[in-house]
Amino acid sequence: MQQRTLINMLMKMIEYLIADNTRLKMQIAKYEKRSGAQFGGTQRINEFKKV
């Protein structure tokens, strides 16, 4: 009985990690898509200049 409980817990952890991995991949893809974007000004988002 204890082995079955352990297996169920491990399976739930694996399911969570797979879902979290997918979520993080989507978030990284969104950031990469925006990497060269410019909004209004001449300065890019990722570049900072001293004033």
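Residues numbered from 1 in each chain as written. Predicted model: local features only at pLDDT ≥ 70, side-chain atom pairs only at ≥ 80, totals over all residues. Heavy atoms only, no water.

Peer 1: What am I meant to see in the overall build of the protein chain here?
Peer 2: The number of helices and strands found in the protein chain is one helix and zero strands. Relative to its full complement of 51 residues, the protein chain shows a buried share of 2%. Taken as a whole, the protein chain presents about 5500 Å² of accessible surface, with 60% of it coming from carbon and sulfur. (Helix = DSSP H or I, 4+ residues; strand = E, 2+ residues; numbered from the N terminus. Buried < 20%, exposed > 50% of the residue type's maximum accessible area, 1.4 Å probe, protein only. Areas by Shrake-Rupley, 256 points an atom, 1.4 Å probe, with all protein chains shown as cover.)

Peer 1: Explain a nonpolar patch on the surface here, please?
Peer 2: A cluster of nonpolar side chains, namely L6, M9, L10 and M13, defines an oily patch on the protein surface of about 390 Å² accessible area. Topologically, L10 is positioned in helix α1 (residues 2–34). (Patch = residues over 30% accessible without salt bridge, like charges linked within 9 Å, V, L, I, M, F, W, Y side chains within 5 Å. Salt bridge = Lys/Arg side-chain N within 4 Å of Asp/Glu carboxyl O.)

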